[in-house]
Amino acid sequence: MTAIQSNTFRNTLIIAVFECQKFLFNRRGIVALIAFALVWGMILLYPIKGATNLLVQPNFKDFIDSVLGSQALNKLFEWPVAEMAIFWCFALYLFPMFSIMISADQFASDKTRGTLRFFTFRTSRDSLLLGRFLGQILLQSILILLTILAAIVLAMSRDAALVLPAINSGVMVGLNLLIVILPFTAVMAVLSLCARSARQAMIWATILWTVLSFVQLFIGEQSLLNTVFDWLMPGSQLSQMLNNTAAASFSFAPIPLIQAAVALLLGRVYLQRSQL
């Protein structure tokens, strides 16, 4: 039993590393990385830098309180580094969207070509599912790290004394973002198992989140069903995390962790029963 578990763990790691390398070292992946770098470069240099200049103004908080109310964005002013606070606002929504796009082809293409059956002859289906999921998480972790490092450099360009607070905030932001993207990547693993292509998986994801958003809107904020719905819909906690510090946002971690676990369990059941 120990030998089987060891072999499964080794195969999972091999698949995870290969999945990450497959994206980083092919033409399609390189083009996506260049586009990702350009988009985040523009975001850092213009919206984040511009908003930071406003956030550090002494009278800006009073202006926001008078326009939006004292509780609207009050937590953002508690961040030790303004650049990380603004980065937090953008990253909370952009990385889940990017996660949907980048992880849409975990299984779809291989299933259509018939190569997924070939892989299952050489490793367990559990190793294949978990390995590809972890590979996507590893890849997105690298991208999160790179953007956080860029945000730290941006903060240091304004004030070199911010290096330590920026690194501390960056670590907490990175861990939060890593937890946030888990259910999105897990759901895309399930959808890519059902879809015939990455494009179809993304279309299904768009339909899924649109329908769930309308259902949540129909339920209403005060309904008891809304609390239950928050545990079903990935990303439901993002609006609450937005006006919060990175350290305090760890209190929302159980929601995406449970959602990811449930999605992976559904993916495992589907993969085990599928004829491929």
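So, a few notes on the structure that sits alongside this text.

Thresholds, definitions, all that
- Residues numbered from 1 in each chain as written.
- Predicted model: local features only at pLDDT ≥ 70, side-chain atom pairs only at ≥ 80, totals over all residues.
- Heavy atoms only, no water.
- Helix = DSSP H or I, 4+ residues; strand = E, 2+ residues; numbered from the N terminus.
- Rg over C-alpha atoms; globule rule 2.2 N^0.38 Å.
- Buried < 20%, exposed > 50% of the residue type's maximum accessible area, 1.4 Å probe, protein only.
- Core = buried A, V, L, I, M, F, W, Y, C linked by side-chain atoms within 4.5 Å.
- Contact = heavy atoms within 4.5 Å.
- Patch = residues over 30% accessible without salt bridge, like charges linked within 9 Å, V, L, I, M, F, W, Y side chains within 5 Å.
- Areas by Shrake-Rupley, 256 points an atom, 1.4 Å probe, with all protein chains shown as cover.
- Salt bridge = Lys/Arg side-chain N within 4 Å of Asp/Glu carboxyl O.
- Axes fitted to C-alpha atoms, helices over the stretch in contact; angles between N-to-C directions.
- Parallel < 35°, antiparallel > 145°, perpendicular 65-115°, else oblique.
- Left-handed = near helix turned anticlockwise from the far one by under 90°.
- Nonpolar A, V, L, I, M, F, W, Y, C, P; charged D, E, K, R; others polar.
- Phe/Tyr/Trp six-rings, centres within 6.5 Å; stacked < 30°, edge-to-face > 60°.

1. Description of the overall build of the protein
Then, in step 1: Assigned secondary structure in the protein consists of 12 helices and 0 strands.
Then, in step 2: Secondary structure of the protein in N-to-C order comes out as α-α-α-α-α-α-α-α-α-α-α-α.
Then, in step 3: The C-alpha radius of gyration of the protein comes to 20 Å, within 12% of the 19 Å expected for a compact globule of 276 residues.
Then, in step 4: Projecting the C-alpha coordinates of the protein onto the three principal axes gives extents of approximately 65 × 45 × 35 Å.
Then, in step 5: Out of the 276 residues belonging to the protein, those deemed buried represent 43%.

2. Some points on the nonpolar core
Then, in step 1: Trp40, Phe87, Phe95 and Val173 are the most contacted members of the largest nonpolar core, which has 62 residues in total.
Then, in step 2: For this core, the secondary structure elements donating two or more residues are helix H1 (2–24), helix H2 (27–55), helix H4 (82–102), helix H7 (125–158), helix H8 (163–194), helix H9 (198–219), helix H11 (238–242) and helix H12 (254–273).
Then, in step 3: A per-element tally of this core places H4 first, with 12 residues.
Then, in step 4: With near-sequence residues (within four places) excluded, Phe95 lies in contact with Phe36, Trp40, Phe87, Leu143, Ile144, Thr147, Leu177 and Ile181.
Then, in step 5: Residues Ile15, Leu116, Leu128 and Ala189 belong to the second largest nonpolar core, which totals 8 residues.

3. Considering a nonpolar patch on the surface
Then, in step 1: Together, Val17, Leu138, Ile142, Leu145, Leu146 and Leu149 make up a nonpolar patch on the protein surface, roughly 490 Å² of accessible area in all.
Then, in step 2: In terms of residues, the nonpolar patch owes the most to one element, H7, which gives 5 residues.
Then, in step 3: Looking at the secondary structure, you find Leu149 in helix H7.

4. Quick notes on the packing of H4 against H8
Then, in step 1: It is at 9 Å that the axes of H4 and H8 come closest, and there the two elements cross at 20°. Relative to H8, H4 is oriented roughly parallel. The two elements H4 and H8 meet at a crossing, and its hand is right-handed. Across from Met84, Phe87, Trp88, Ala91, Leu92, Phe95, Pro96, Ser99 and Ile100 in H4, the residues of H8 making contact are Ala166, Ser169, Gly170, Val173, Asn176, Leu177, Val180, Ile181, Phe184, Thr185 and Met188.
Then, in step 2: Each residue belonging to the contact of H4 with H8 can be placed in one class, and the counts come to 15 nonpolar, 5 polar and no charged.

5. Digging into the environment of Phe98
Then, in step 1: Tracing the sequence through the fold places Phe98 in helix H4.
Then, in step 2: Along the backbone, Phe98 and Phe184 are 86 residues apart, and their C-alpha atoms lie at a distance of 9.6 Å.
Then, in step 3: Setting aside its immediate chain neighbours within four residues, Phe98 contacts Phe36 and Leu143.

6. Thoughts on the packing of aromatic side chains
Then, in step 1: On inspection of all chains with the given rule, the structure shows 8 aromatic pairs.
Then, in step 2: With 6.5 Å between their ring centres and 55° between their planes, Phe36 and Trp40 make a pair best called tilted. Taken together, the residues Phe36 and Trp40, both in helix H2 and 4 residues apart, mark about one turn of the helix. In this pair, the class of Phe36 matches that of Trp40, namely buried.

7. Here's the deal with the packing of H2 against H7
Then, in step 1: Direction vectors running N to C along H2 and H7 enclose 35°, while the axes themselves pass 11 Å from each other. At the point where H2 passes H7, the crossing takes the right-handed sense. Judged by residue contacts, Leu33, Phe36, Trp40, Leu44, Ile48, Lys49 and Thr52 of H2 engage Leu143, Thr147, Ala150, Ala151, Leu154 and Arg158 from H7.
Then, in step 2: Across the contact of H2 with H7, the residue classes tally to 9 nonpolar, 2 polar and 2 charged.

8. So, the side chain of Thr185
Then, in step 1: Tracing the backbone shows Thr185 in helix H8.
Then, in step 2: Looking at Thr185, the relative accessible area reads 0%, which means it is buried.
Then, in step 3: What Thr185 contacts, discounting residues up to four positions off in sequence, is Ser99, Ser103, Gln106, Phe133, Gln136, Ile137 and Gln140.

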